[in-house]
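# Coordinates in review
Residue-level listing of the chains:
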Amino acid sequence: MIKVVNVTSDANIGGAGKCILTFLRHYDKSKFDVSVVVPTNSLLIPEIKRLGGKVIEVDGICDKSLDINGIKKLKKLFDKLKPDIVHAHAAMSARIAAYLSGAKIIYTRHSVFEPSKTISKGIGKIINGAVNNIFSDRIIAVAEAAKDNLIKTGVPEKKIVVIKNGVDALNRYDDEKIKQIKSEYGLNDEFVLTIAARLTLVKGHKYILAAAKMLADDNKNFKLIIAGTGEYEDEIKKKISDLMLEDKVIMAGFVNDVEALNNITDLNLNFSFGTEATSLSLLEGMSLGIPAVVSDFGGNPGVIRDNINGFLVPSKDYKALYEKIKLIMENKVLYNRLSDGSKRVFNEEFTADKVTKRIENVYDEVFAQKEKRK
């Protein structure tokens, strides 16, 4: 069997953690021996155990990509476990420790953001490219935009493979259960718009609210659900008040039951302009046939195909966002076509089993390189 150790420094269940959990549900247990290293008391621990996965807690790596003590502890662990492959989810400490222990290294880049000039120009670019070349045998980018970021910072293109995220399909509820969930949210027959994202500036909530204001001024029958938590919450609430949208917006906070939320959603929104890879929220909605209107930033164009399963509009252009939402709300034939397109694109590209197989293929490739060098 091929022994693989996944490592994440995240204490919470973010995008990387969800991807690890999805992999654990679907990987070939007859071929791979997989364990997961997490920070002590990580919220991932009970979820991994629930799936029957092997989890190892390590002190001192929480939310730290690079830490000297973390390198020492992880090297000691890898020397003991002797993994064939260490799959690091952003954790640089794990990559260095794996290199020192003689394991093959796979690094997944989960984020998309414009790289700084420090690492995308001159000597900084050369150094960054060299570091990534030394401390990774293969790099998985979860979006074409993530691959572009890596190349801009000196990483050799031949070392990168794009594997977009995948999710398990959600279940579609019957009309009675949907009616019940809507009642819990205080909804009736409104057209429901949803954005599920961390409440932070670069997720573009203020532009979504500006578009919502235009819809409200048109007397459209809709509700906007904002799901998530974050440091931008007070600013969003103030914006809602300033625009007098209190009767149109539901601040749902952290939503644990994403399946229920998606079952009452008619249209998903994503208006990021600073960081966005392959949105898991959009994929979950697509599995139920929910189209989306999104910004053309980052990984969004890799998920939403314009006029096929939704619409792409320029970042920060809330008027364009308003126009596309209004078009979809007013045209049932268009909505049904985009809904069908959402299911089709999801089933063709983003199912959890297909994405897991692509990751397994990278493991096979890297392991074969290791065997060849023996």
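Our structure is the block above this text.
Note that the structure is predicted; figures quoted are calculated from it, not measured. (Residues numbered from 1 in each chain as written. Predicted model: local features only at pLDDT ≥ 70, side-chain atom pairs only at ≥ 80, totals over all residues. Heavy atoms only, no water.)

### Some thoughts on the packing of aromatic side chains
Two numbers describe a pair of aromatic rings. These are the distance of the centres and the angle of the planes. Defined as follows: Under the pairing criterion, centres of Phe, Tyr and Trp rings, with the six-membered ring standing for Trp, must be within 6.5 Å; the plane angle then separates stacked pairs below 30 degrees from edge-to-face pairs above 60, leaving the rest tilted. Only DSSP runs of H or I covering at least 4 residues are called helices, and only runs of E covering at least 2 are called strands; the numbering of each starts at the N terminus. Remark: exposure states derive from per-residue accessible area (1.4 Å probe, protein chains only) relative to the maximum for the residue type, with buried under 20%, exposed over 50%, and partly exposed in between. The criterion for a charge sitting over a ring is simple: Lys NZ or Arg CZ within 6 Å of the ring centre, and within 35 degrees of the ring normal.
Applying the stated criterion across every chain, the model contains seven aromatic pairs. With a centroid separation of 5.7 Å and 75 degrees between ring planes, the pair formed by phenylalanine 23 and tyrosine 363 is classed as edge-to-face. Of this pair, phenylalanine 23 sits in helix 1 (residues 15–26) while tyrosine 363 sits in helix 15 (residues 352–372), placing them 340 residues apart in sequence. Residue classification places phenylalanine 23 among the buried positions, given a relative accessible area of 5%. Residues tyrosine 207 and phenylalanine 273 carry aromatic rings whose centres are separated by 6.0 Å and whose planes lie at 85 degrees to one another, so their mutual orientation is edge-to-face. With tyrosine 207 in helix 9 (residues 205–217) and phenylalanine 273 in the loop between strand 11 (267–270) and helix 12 (280–287), this pair connects stretches of sequence that are 66 residues apart. Counting every residue linked through ring pairs, the aromatic cluster contains Phe23, Tyr27, Phe32 and Tyr363. The positively charged end of lysine 29 is found above the aromatic ring belonging to tyrosine 27, 4.5 Å away from the centroid. Taking the ring centre of phenylalanine 273 as reference, the NZ or CZ of lysine 316 above it sits at 4.6 Å.

### Focus: the pattern of salt bridges
Note the threshold: When a carboxyl oxygen of Asp or Glu lies within 4 Å of a side-chain nitrogen of Lys or Arg, that pair is called a salt bridge.
Under the counting rule described, the total for this entry stands at 17 salt bridges. We note a salt bridge from aspartate 364 to lysine 31, for which the minimum N-O separation is 2.9 Å. One end of the pair, aspartate 364, is in helix 15; the other, lysine 31, is in the loop between helix 1 and strand 2 (32–39), with 333 residues separating them in the sequence. A relative accessible area of 23% means that aspartate 364 is categorised as partly exposed. Owing to a relative accessible area of 32%, lysine 31 belongs among the partly exposed residues under this scheme. The partner of lysine 238 in a salt bridge is aspartate 242, and the shortest N-O contact between them spans 2.9 Å. With a gap of four residues between them, lysine 238 and aspartate 242 both fall in helix 10 (residues 233–242), about one helical turn apart.

### Quick word on the nonpolar core
Note the cut-off: Definition used in this section: a nonpolar core is a set of buried Ala, Val, Leu, Ile, Met, Phe, Trp, Tyr and Cys residues joined via side-chain atoms within 4.5 Å. Here a residue-residue contact requires only that any non-hydrogen atoms of the pair lie within 4.5 Å.
Counting 36 residues, the largest nonpolar core has Leu193, Leu209, Leu224, Leu269, Val293, Leu321 and Ile328 as the members making the most contacts within it. Within the residue set of this core, elements represented by two or more residues are strand 8 (191–196), helix 9, strand 9 (222–227), helix 10, strand 11, strand 13 (310–313), helix 13 (318–330) and helix 14 (332–350). In this structure isoleucine 328 touches Phe191, Leu267, Val293, Phe311, Leu334, Tyr335 and Leu338, once residues within four positions along its chain are discounted. Core analysis: the second largest hydrophobic core is formed by 24 residues, Leu21, Leu24, Val38 and Ile140 among them.

### Focus: the sheet that holds strand 6 (residues 138–141)
Defined as follows: Strands are labelled as partners when DSSP assigns at least two bridges between them. Helix axes use the C-alpha atoms of the stretch in contact, all axes being lines fitted to C-alpha atoms, and the angles between their N-to-C directions lie in the range 0 to 180 degrees.
Taken in spatial order, the seven strands make up an open sheet running 3-2-1-4-5-6-7, and their pairing is parallel. Looking at which strands have only one partner, the edges of the open sheet turn out to be strand 3 (54–58) and strand 7 (160–162). Ignoring strand direction, the axes of neighbouring strands in this sheet form an average angle of 25 degrees. Each of strand 5 (104–109), strand 6 and strand 7 is contacted by helix 7 (residues 144–152), which is oriented at about 165 degrees to strand 7, the strand it contacts most.

These results come straight from atomic positions and should not be treated as a statement about function.
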